[in-house]
Amino acid sequence: IAKAIERERRLTGDAAHELRSPLTAIKTHLQVARMTDGAARDQSLAHAEEGADRLHRTLEQLLLLARVEGSLSFDDGLQSSAEQVARLAIQDANAGDNGRIDLTLADNLVDTPVEMPVGLAVAALRNLLDNALRHTPADTRVELNVSADAEHVVFRVRDHGKQISSEDLQYLTQRFWRNGNSEGCGLGLAIVQAIVQRCSCSLKFDSQADGLRVELGMPLRR
């Protein structure tokens, strides 16, 4: 109980800090827009809109993390195969700007549904794809490979970003931790980890000189 209370206190403090930064930026840009005209005013308003978008994404991720770590049910009775989960995640990735994702399906991939709420399965894979797109150069592809055996399906996501040190790999799923100058809010992989723990999944990271490889395993319905 003490650890849970301390975790919530730390989340509250981190969230307050993360939300304060975009709010301050938005306020500053609006003040500049009020005092200027023409191109300068338009630029300040555009920056304020970017800050509002960042704030919205952070709030959505915080709410999802709280739901996953809480006792709320995500089971809506829907069932989806591994291929359907992959295609839904690609469709949602990067707010629809997902043209850089290459999907490869194993020849022996089965239509057996995953043994977890579809919304959580899609959210976990989408966050991995978002992270890969964010750290891969704009002119380079992100790869998603899907394979399965009788009991599990494995989604392998590969980006082409900078290598992450072995010391930093342990922090990837920590709330609000960022690698370098990432533009993310630092919650995407924390949500993946929470879903993995809730739904008996598996998660592995392997960082090489030519990019990060992530394996997300999900149980299949028997």
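Rules and cut-offs
Residues numbered from 1 in each chain as written. Predicted model: local features only at pLDDT ≥ 70, side-chain atom pairs only at ≥ 80, totals over all residues. Heavy atoms only, no water. Salt bridge = Lys/Arg side-chain N within 4 Å of Asp/Glu carboxyl O. Helix = DSSP H or I, 4+ residues; strand = E, 2+ residues; numbered from the N terminus. Buried < 20%, exposed > 50% of the residue type's maximum accessible area, 1.4 Å probe, protein only. Contact = heavy atoms within 4.5 Å. Pairing = 2+ DSSP bridges. Right-handed = clockwise from strand over helix to strand, strands pointing away.

Novice: Just give me the short version of the pattern of salt bridges, but keep the residues and values in it.
Specialist: Summed over all chains, the structure comprises seven salt bridges. Between Asp-210 and Arg-158 there is a salt bridge whose closest N-O contact spans 2.6 Å. Of this pair, Asp-210 sits in the loop between β4 (202–208) and β5 (211–219) while Arg-158 sits in strand β3 (residues 152–158), placing them 52 residues apart in sequence. The class for Asp-210 is partly exposed, based on a relative accessible area of 34%. Close ionic contact of Arg-213 with Asp-210 constitutes a salt bridge, the shortest N to O distance being 3.1 Å.

Novice: Lay out the environment of Asp-102 in plain terms, naming residues and giving numbers.
Specialist: Tracing the backbone shows Asp-102 in strand β1 (residues 101–105). Spatially, the C-alpha atoms of Asp-102 and Val-142 are 6.2 Å apart, while their sequence positions differ by 40 residues. Not counting residues up to four positions away in its chain, the partners in contact with Asp-102 are Arg-141, Val-142, Glu-143 and Leu-144.

Novice: If you had to explain unusual backbone geometry to someone new, which residues and values would you point to?
Specialist: Positive phi, close to 55°, is recorded for Ser-200, a residue that is not glycine. Looking at the element boundaries, Ser-200 is found in the loop between α6 (188–198) and β4. For Ser-200, a relative accessible area of 59% translates into the label exposed.

Novice: Would you mind going over the pairing of β1 in detail, with residue names and values included?
Specialist: Bridging between β1 and strand β2 (residues 142–148) involves five bridges; their strand directions are parallel. Note that in β2 the partner of Thr-104 across the bridge is Asn-145. Where the polypeptide runs from β1 across helix α4 (residues 118–135) and back to β2, its parallel neighbour, the crossover connection is left-handed.

No statement about biological role is implied by the geometric values presented.
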